[in-house]
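Close look at the chain arrangement
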Amino acid sequence: NFPLVNAIYETSTNTYMYSANGPMQVQEPLSSDTIDLLTGAPNGFSAVTVAVNTAKKIALFGVVSASGESQILFYDLSVDPRDPILIESIPIVGQRIVSIASGGDVAAYTTLSLDNIQFVPLSQTELCVQDGTDKFLFRLNPNNGNPVVMNCNELTTRNNASRICKTRVNYSGIYSPPQDICLETCNSCLDCYQNGRSRFFFKLRDDGTVRLN
């Protein structure tokens, strides 16, 4: 028997619940009673713990074998949370994982044999994907200063999409530049991505205004 451990992942339209109870399961508890089984666990392993990193759009399952060996499985949720894609597995040699959590760029887990919390970095091979309906700041209306927005689907149809990605780097209210939103179109997924036109906070002037560099 395995304990039932759940983790919730929420999008703008749905709520998904991932369960570790031997099998790895996913369902949409607010809209459907159907439960799907996730694939990818190595033969002879069963899931005992699960966590979700919402910011990174990743689900992490801790799986164990009858001999006590463990692995952490990383699933990308960004394309289809109901059918996530296994992107990485990390073995935990000689230890039995019992719990897992994740935030920022790391996963934290505990095992039966060690008292201290252990850490592993999250995968840097996550898929470069985007939601076509997400909106970014295209420009500010020169007449009233209101933001003019565009979504990623619209951007992909523009012949000058690459130029828009490179030159439209401002923020306004809740809206961000395309390089932050349309990652696939702008090819801006990797942590080491850098746009030379982007500006950063440098300091506050004596009059309280912000100086950007």
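A brief report on the enclosed structure follows. (Residues numbered from 1 in each chain as written. Predicted model: local features only at pLDDT ≥ 70, side-chain atom pairs only at ≥ 80, totals over all residues. Heavy atoms only, no water.)

Structural notes on the side chain of N195
Mapped onto the elements, N195 comes out in the loop between α4 (183-186) and β14 (201-204). For N195, a relative accessible area of 7% gives the class buried. In terms of polar contacts, N195 uses its side chain to reach the backbone carbonyl oxygen of C165, at 3.5 Å. Within the local environment of N195, its side chain forms a polar contact with the backbone nitrogen of R197, the two atoms lying 2.9 Å apart. Once residues within four sequence positions are removed from consideration, N195 is found in contact with C165, K166, V169 and Q179. (Helix = DSSP H or I, 4+ residues; strand = E, 2+ residues; numbered from the N terminus. Buried < 20%, exposed > 50% of the residue type's maximum accessible area, 1.4 Å probe, protein only. Polar contact = N/O pair within 3.5 Å; in protein donor to acceptor, adjacent residues only side chain to side chain. Contact = heavy atoms within 4.5 Å.)

Here we look at the state of the cysteines
In the structure shown here, the tally under the stated rule is two disulfides. Note on cysteine connectivity: C152 is disulfide-linked to C182, with sulfurs 2.1 Å apart. On the sign convention where negative means left-handed, the S-S torsion of about -90 degrees between C152 and C182 marks this disulfide as left-handed. Residue C152 is found in helix α1 (residues 152-156), and its partner C182 is found in the loop between α3 (178-181) and α4; the two are separated by 30 residues along the sequence. Comparing C152 with C182 shows no difference in burial state: the two are buried. (Disulfide = S-S within 2.5 Å.)

Some words on the sheet that holds strand β8 (residues 85-92)
Taken in spatial order, the four strands of this open sheet run β5-β6-β7-β8, and their pairing is antiparallel. Edge positions in the open sheet fall to β5 (45-53) and β8, since each of these has one partner strand only. Adjacent strand axes in the sheet meet at a mean angle of 20 degrees, parallel and antiparallel pairs treated alike. Two elements, strand β6 (residues 58-65) and strand β7 (residues 70-76), share seven bridges in a ladder whose sense is antiparallel. Bridged to F61 within β7 is L73. (Pairing = 2+ DSSP bridges. Axes fitted to C-alpha atoms, helices over the stretch in contact; angles between N-to-C directions.)

As for the pairing of β6
Along β6, eight of the eight residues are buried, which leaves the element largely enclosed by surrounding structure. Residues I58, L60, G62 and V64 of β6 are buried on one face, and the alternating residues A59, F61, V63 and S65, pointing to the opposite face, are buried as well.

A short note on the side chain of N151
Here N151 shows up in strand β13 (residues 147-151). A residue is classified by how much of its surface remains accessible, and N151, at 18% relative accessible area, is buried. If we skip the residues at most four places from it in the chain, N151 touches G132, T133, D134, K135 and F136.

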